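Topology and contacts: notes
Residues per chain, in single letters:
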Amino acid sequence: MLFLRRLRRWFTGSVLAAPAAFRRQTVAWRQSRVIVQLYYAILSYMAISLLPSWNGLIHAREFDPLWPVAWLRHVPQEAGITSILALYIAGAVAAAFMPGSRTARLLAWLGLFQFAAFNNSFGKIGHSLHAWVLTGLVLVFLPGPRSTSRRAARQGYLQVFWLAQAVFMLTYSMAGLGKVAGCIYQFCVGEMTVFNPHSFAYQVAGRLIQTGMDSPVGAWLIHYYWAGWPAYLAMIYIQLFSFWVVFRPALMRPWALALILFHVGSFFIFTILFSPSILLIGLFLVAAPQARPWRLGTGFRRSLPLVGRFLVKCAS
């Protein structure tokens, strides 16, 4: 227990005094409840926006159902797909109007999970909804409204909400860890690594050749390889340490901006856009109840992983 307490303090840094922490708890609890309702309101919009393509989805052909929707093989196709879309919309709308109902949140998650599995059953796995599926599952376990009148229950609500934030940011850290592991492998076998100034240009060229598409700035970055390489290294750093940010409120909003720029840049360079993830960045980082005001002073520099203390010493 002592080790875990020290580990928690190392991650979280300074701890609020008890009275300030209790006052902050009530404010954070109220803010997190609003964010949860916005979460399901946005999910409702995402589900309802499928209505124009509903007919095409119901009559889809040449799809191989993944395991969560393998039951589609044993029912009439139109009825099965219609039930998935209907559950997705009905569950999301119900949770938006009744975010305190665990049943409504569970139905919203089941509908989203089933739709994401169906949408990925056409020979290609897209990742745009994965973070929503993971965070939606965590939010199912939020305590109900009747139990949140007590301080301990409010703390339990905030802990589940924080867990959803942590799971979301962990997805970015896992992506960054994959890039680091790939770099280690490439170094061991004598291939080009991310530390080669030409590495990013080669990656851009490989993506554009693979897809047969042209991007607004892809050709420019291939020609001027030195322009994109520093940003490439910076984004690996941002992704790798995203999980760290849920323990450092001073980093949340600057990190949110960096991740949004990462997604925007991915579209202009690779023609890849994860707009659903940008919505989660807004909910779990920009509007987070524990996020600190935008300041890039000593507190921000000290909170940076690996380089924080060095930057503070250089500035002093």
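See the structure shown above.
Presented here is an overview of the structure given in this document. (Residues numbered from 1 in each chain as written. Predicted model: local features only at pLDDT ≥ 70, side-chain atom pairs only at ≥ 80, totals over all residues. Heavy atoms only, no water.)

**Looking at the overall build of the protein chain**
Within the protein chain, the regular secondary structure consists of 15 helices and zero strands. Per-residue burial for the protein chain yields a buried fraction of 41% across its 316 residues. Within the protein chain, contacts between residues at least 6 apart in sequence are counted, and of these 72% link residues at least 24 apart. Split by element, the accessible area of the protein chain, about 17,500 Å² in all, is 68% carbon and sulfur. (Helix = DSSP H or I, 4+ residues; strand = E, 2+ residues; numbered from the N terminus. Buried < 20%, exposed > 50% of the residue type's maximum accessible area, 1.4 Å probe, protein only. Contact = heavy atoms within 4.5 Å. Areas by Shrake-Rupley, 256 points an atom, 1.4 Å probe, with all protein chains shown as cover.)

**Re helix H8 (residues 199-211)**
Helix length check: H8, at 13 residues, gives a terminal C-alpha distance of 19 Å against a target of 18 Å (1.5 Å per residue), a fit within 8%. Looking only at H8, the buried set comprises Ser 199, Phe 200, Ala 201, Val 204 and Leu 208. Tucked into the core, H8 has its buried residues touching helix H9 (218-223), helix H10 (225-240) and helix H12 (252-270). Immediately downstream of H8, the backbone of Gly 212 shows phi near 65°, a positive value. (Expected span 1.5 Å × (residues − 1).)

**A look at a nonpolar patch on the surface**
Side chains of Val 217, Trp 220, Tyr 224, Trp 226, Val 264, Phe 267, Phe 268 and Leu 273 sit close together on the surface and give an oily, nonpolar patch of about 750 Å² of accessible area. Residue contributions to the nonpolar patch peak at three residues, all from H12. Locating Val 217 in the fold gives a position in the loop between H8 and H9. (Patch = residues over 30% accessible without salt bridge, like charges linked within 9 Å, V, L, I, M, F, W, Y side chains within 5 Å. Salt bridge = Lys/Arg side-chain N within 4 Å of Asp/Glu carboxyl O.)

**A word on the packing of H10 against H12**
Where H10 contacts H12, the two axes come as close as 11 Å, and the packing angle between them is 125°. The angle between H10 and H12 falls in the class oblique. Considering the relative orientation of H10 and H12, their crossing is left-handed. In this structure, H10 uses Met 235, Tyr 237, Ile 238 and Gln 239 to contact H12, whose residues at the interface are Trp 255, Ala 258, Leu 259 and Phe 262. Of the residues contributing to the contact of H10 with H12, the split by class is seven nonpolar, one polar and no charged. (Axes fitted to C-alpha atoms, helices over the stretch in contact; angles between N-to-C directions. Parallel < 35°, antiparallel > 145°, perpendicular 65-115°, else oblique. Left-handed = near helix turned anticlockwise from the far one by under 90°. Nonpolar A, V, L, I, M, F, W, Y, C, P; charged D, E, K, R; others polar.)

**Comments concerning the packing of aromatic side chains**
In total, this model carries 21 aromatic pairs according to the counting rule given. Measuring from ring centre to ring centre gives 5.5 Å for Phe 118 and Phe 122, while their planes differ by 75°; the resulting arrangement is edge-to-face. The partly exposed category is assigned to Phe 122, whose relative accessible area is 35%. Ring centres of Phe 168 and Phe 284 lie 6.1 Å apart, and the angle between their planes is 50°; on these two criteria the pair is classed as tilted. In this pair, Phe 168 sits in helix H7 (residues 151-188) while Phe 284 sits in helix H13 (residues 275-286), placing the two residues 116 residues apart along the sequence. (Phe/Tyr/Trp six-rings, centres within 6.5 Å; stacked < 30°, edge-to-face > 60°.)

**Here's the deal with the pattern of salt bridges**
Tallied over the full model, the rule gives one salt bridge. For Arg 73, the salt bridge identified is with Asp 64, shortest N-O distance 2.9 Å. The class of Asp 64 is exposed, set by a relative accessible area of 51%.

**Digging into the environment of Arg 151**
You can see Arg 151 is positioned in helix H7. For Arg 151, a relative accessible area of 46% gives the class partly exposed. Once the C-alpha coordinates of Arg 151 and Thr 26 are considered, the two residues, 125 residues apart in sequence, prove to be 8.2 Å apart.

**Regarding the side chain of Gln 165**
By the element assignment, Gln 165 lies in helix H7. Gln 165 gets classed as buried once you look at its relative accessible area, which sits at 1%. Polar contacts involving the side chain of Gln 165 include one to the main-chain carbonyl oxygen of Phe 284, which spans 2.9 Å. Not counting the four nearest positions on each side in its chain, Gln 165 is found in contact with Val 246, Met 252, Phe 284, Ala 288 and Gln 290. (Polar contact = N/O pair within 3.5 Å; in protein donor to acceptor, adjacent residues only side chain to side chain.)

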